[in-house]
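Here are the chains, one letter per residue:
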Amino acid sequence: KQRNVLRAITKELRKNGVVQLHDIVDEKEYSLLVNNIRKSKCKNSYIPDKQRYNYAKLNMQKTDDELLNLLTALGISVRGATILQFGAGDYTILHDSMKAGTAVFLDCTPAWDDRWGGKLVLKDSGDTIVPSAKNTLIVARNTKLFVQYVNHKAKQQKCLIMLS
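In this text, all values refer to a predicted model and were calculated from it rather than measured experimentally. Residue numbers here run from 1 along each chain, matching the order of that chain's written sequence. In keeping with the model being predicted, local features are shown solely for residues with a pLDDT of at least 70 and side-chain atom pairs are shown and tallied solely at 80 or more, while totals for entire chains, interfaces and linings include all residues. To obtain the side-chain values, all non-hydrogen atoms of the structure were included, while hydrogens and water were left out.

Engineer: Hey, could you run me through the overall build of the protein chain in this one?
Structural biologist: When helices and strands are tallied, the protein chain shows 3 helices and 10 strands. Going along the chain from the N terminus, every DSSP run of H or I of four or more residues is numbered as a helix, and every run of E of two or more is numbered as a strand. The order of helices and strands in the protein chain, counted from the N terminus, is α-β-α-β-β-α-β-β-β-β-β-β-β. We compute the radius of gyration from the C-alpha atoms alone; for a globule the expected value is 2.2 Å times N to the 0.38, where N is the number of residues. Over its C-alpha trace the protein chain gives a radius of gyration of 15 Å, about what one expects of a compact globule, namely 15 Å for 164 residues. Counting only C-alpha atoms, the protein chain reaches 45 × 35 × 30 Å along its principal axes. Across the 164 residues in the protein chain, those meeting the buried criterion constitute 44%. Every residue pair with non-hydrogen atoms within 4.5 Å of one another is taken to be in contact. Taking the intrachain contacts of the protein chain between residues at least 6 apart in sequence as the baseline, contacts between residues at least 24 apart amount to 81%. Per-residue and other accessible areas were derived by the Shrake-Rupley procedure at a 1.4 Å probe size, with only the shown protein chains allowed to occlude residues. For the protein chain, the exposed surface amounts to about 9,700 Å²; the carbon and sulfur share of it is 49%. Between the mean site of the 26 positive side-chain charges and the mean site of the 16 negative ones, the protein chain shows a separation of 4 Å. Summary of the burial criterion: residues with accessible area below 20% of their type's maximum are buried, those above 50% are exposed, and those between are partly exposed, where the area comes from a 1.4 Å probe applied to protein chains only. Residues counted as positive are Lys and Arg, residues counted as negative are Asp and Glu, and His and the chain ends are not counted. By convention, charge coordinates are those of NZ in Lys, CZ in Arg, CG in Asp, or CD in Glu.

See below:
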């Protein structure tokens, strides 16, 4: 059964260049993953007119077995995975030095209001805006990505993304 699911995911990725998998892990594991991310010691990345956000290296725990098994089956390594946190005033800008590639990210944001901004945009031949959806794994081929400006209405809320 798992092999058929993996084949379907691979086929969709080849056909459309992007695949979204919702409710990727059960609620208990999702909560553990979010808590793990929130405990991470983040550093600030700020380059004027290019990016502003917080980031940390992901430390996968034994509690993340379900997610690790799925990513491994898809041929995705979480070694070197990064957590990105976007709050009010944070953003990234698409720029010439970015190279297109395969992007893998897991949206770990418990609740996000679109009025706050911070939408993830995939740039290939057009713009694909990925709505925030907790516990969603997104794999995109041959793309560049950026996060739109998070406005002041987000207040203390943080958008959490695990990027591999």
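Text resumes after the structure shown.
Engineer: Sorry if this is basic, but what is going on with the packing of aromatic side chains here?
Structural biologist: Both the distance between ring centres and the angle between the ring planes are used here to describe each pair of aromatic rings. Ring pairs shown here join Phe, Tyr and Trp side chains whose ring centres sit within 6.5 Å, with only the six-membered ring taken for Trp; geometry is labelled stacked below 30 degrees between planes, edge-to-face above 60, and tilted in between. This model, assessed by the stated rule, comprises 3 aromatic pairs. On the basis of an interplanar angle of 70° and a centroid distance of 6.4 Å, the ring pair of Tyr53 and Tyr55 is categorised as edge-to-face. Arranged with centres 4.9 Å apart and planes meeting at 90°, the rings of Trp112 and Trp116 form a pair that is edge-to-face. Residue Trp112 is classed as buried on the basis of its relative accessible area of 15%.

It is worth stressing that arrangement in space is one thing and function is another; only the former is reported here.
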